[in-house]
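Residue-level listing of the chains:
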Amino acid sequence: MDTISVSEQNTLACELQSIFSDRLVVVIGSGLSCAEGLPSMSALATELTSKVPLVIPDSDKATWAAIEAALVSDGLESALLKHPPTDAIEMAIIHFTAAFVHSKEQEVITECVIGTRKLKIASLLPHISAVTPKIARIITTNYDRLIEFATESEGWGVDSMMVGRYWGKHNPDLSNKLMIKGVSSGNKGATRLIYRNHIKLFKPHGSLDWFMSGDTPMTSSMGFPSDPLIITPGVGKYKRGYGQPFDAHRERGNAAIDNASSILCIGYGFNDDHLQTHLSPKLKSGTKALLLTHSLSPKAQAVVSQSENCIALVNSTDVKNPGTIVIRGMSKILIPNVGWWDVENFVKGVLTS
């Protein structure tokens, strides 16, 4: 593989900086959470294999055995698509998935609270919006609250369409208004609302702090009276994805993609059809896009090869040639000994150098 020259690297850095313009939309996948220590799909599959058989009825054992047999060869999502789970199996998957992710999330948050680590996404926030106040649109398929925690730790607000910390409700209009920090008066008496720096967060697969109370989607920071509102892989993801509050997050997230001037994907594998119907055509139409990821999934590789203004930065797994591989279309070039594929290193090397 060819190696990039110093002048070409400087030119590339300028090109990558231009992606951070007004109306940038950020799509964050499980790769970012995994990089912080949360479970990967394979770790989750192992957890489910040890826990689910203990709680499902005997009548569902055969279905679970088929799912479990396919986990190793096909992965969790493909296994659940090939062998649709019963309601009891799906509820068990949701319960153990939420508990597993929550326990690892708390370990990470604890380290942040005592000051031994800082989340990677926090370093990106100052560069994520070109306007004042800074407003960033972030779509994530992750259930965890690492993005929310990192955002508030930087003094920004989070507009997640949920209002209230103890018995909060889904209220998109009020959630937006709560981002207002003051009112200014102009020379002619006109008033103007002043917003704080904040993110508009869309979570089409749900969140660990959402749950249903009757027919009403709620949120609470005090714990969960029931299993959280999350959509796990498989057929149920598509069925449940069109109920409240998932549909509002999916629709507004897709609207943000449609109106984006540029798109940044971090640790996102392009494996979600809820977003793909808007995201892939948007990239293929010529919208500037940057993918930061450890490695490209087959679907992400296909999108990059078909999108002329899409650049992917991925980790070089060649121990003799470490660094970042820059992929455009079908071409590849190596930046030696540079970790720009990681968002934290990207900020240091491209946005603040």
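Model, not experiment: these values are computed from the prediction. (Residues numbered from 1 in each chain as written. Predicted model: local features only at pLDDT ≥ 70, side-chain atom pairs only at ≥ 80, totals over all residues. Heavy atoms only, no water.)

Quick look at the packing of aromatic side chains
- One pass over the full model with this rule turns up four aromatic pairs.
- Between Trp 210 and Phe 246, the aromatic rings sit 6.4 Å apart at their centres with planes inclined by 45 degrees, giving tilted as the arrangement. Separated by 36 residues along the polypeptide, Trp 210 in strand E9 (residues 210-213) and Phe 246 in helix H11 (residues 246-258) bring together distant segments of the chain. Of the two residues, Trp 210 and Phe 246, both sit in the buried class.
- Considering the side-chain rings of Tyr 268 and Phe 270, the 5.0 Å spacing of their centres and the 55 degrees angle between planes classify their relative orientation as tilted.
- A relative accessible area of 0% means that Phe 270 is categorised as buried. (Phe/Tyr/Trp six-rings, centres within 6.5 Å; stacked < 30°, edge-to-face > 60°. Helix = DSSP H or I, 4+ residues; strand = E, 2+ residues; numbered from the N terminus. Buried < 20%, exposed > 50% of the residue type's maximum accessible area, 1.4 Å probe, protein only.)

Thoughts on the pairing of E9
- Summarising the sheet, E9 and strand E10 (residues 216-219) pair through four bridges and their orientation is antiparallel. Bridge pairing links Phe 211 to Met 218 in E10.
- From the end of E9 to the start of E10, which pair antiparallel, there are two residues, and Gly 214 there has a positive phi angle of about 65 degrees. (Pairing = 2+ DSSP bridges.)

Looking at the sheet that holds E10
- Spatially, the four strands line up as an open sheet ordered E4-E5-E10-E9, and their pairing is antiparallel. The open sheet has two edge strands, strand E4 (162-163) and E9, and neither has a second partner.
- Pairing geometry for strand E5 (residues 168-170) and E10, over two bridges, is antiparallel. If you follow Gly 168 over to E10, its bridge partner there is Thr 219.

What to know about unusual backbone geometry
- At the junction of Thr 132 and Pro 133, the peptide bond is cis and its omega measures out at -5 degrees in the coordinates.
- Relative to the helices and strands, Pro 133 is located in the loop between helix H7 (120-124) and strand E2 (135-140).
- Look at Arg 23: it is not a glycine, yet its phi comes out positive at around 65 degrees.
- Checked against the element boundaries, Arg 23 lands in the loop between helix H1 (6-17) and strand E1 (24-28).
- Among the residues examined, Arg 23 registers a relative accessible area of 45% and is labelled partly exposed.
- A positive phi angle, near 70 degrees, is found at Met 161, a position not held by glycine.
- Checked against the element boundaries, Met 161 lands in the loop between strand E3 (157-159) and E4.

Overview of the packing of helix H3 (residues 41-51) against helix H6 (residues 87-113)
- Close contact between H3 and H6 brings their axes to 10 Å; oriented N to C, the two are set at 125 degrees. As far as their axial angle goes, H6 and H3 are oblique. Our pair here, H3 against H6, has a crossing hand that is right-handed. Contacts between H3 and H6 involve Ala 43, Leu 44, Glu 47, Leu 48 and Lys 51 on the former and, on the latter, Ile 93, Phe 96, Thr 97 and Phe 100.
- Considering only residue class, the contact of H3 with H6 consists of six nonpolar, one polar and two charged. (Axes fitted to C-alpha atoms, helices over the stretch in contact; angles between N-to-C directions. Parallel < 35°, antiparallel > 145°, perpendicular 65-115°, else oblique. Left-handed = near helix turned anticlockwise from the far one by under 90°. Contact = heavy atoms within 4.5 Å. Nonpolar A, V, L, I, M, F, W, Y, C, P; charged D, E, K, R; others polar.)

Let's talk about the environment of Glu 90
- Note on placement: Glu 90 falls in helix H6.
- On a C-alpha basis, the gap between Glu 90 and Leu 80 in space is 9.5 Å, while along the polypeptide they are 10 residues apart.

Quick word on the sheet that holds E3
- An order of E3-E8-E2-E1-E11-E12-E13-E14-E15 is seen for the nine strands of this open sheet, with the pairing classed as mixed. Unpaired on one side and paired on the other, E3 and strand E15 (331-336) mark the two borders of the sheet. Sheet twist, expressed as the average angle between the axes of neighbouring strands with direction ignored, equals 20 degrees.
- Contacting E2, strand E11 (262-266), strand E12 (288-293) and strand E13 (310-315), helix H12 (residues 273-284) crosses the sheet at an angle of about 120 degrees to E11.

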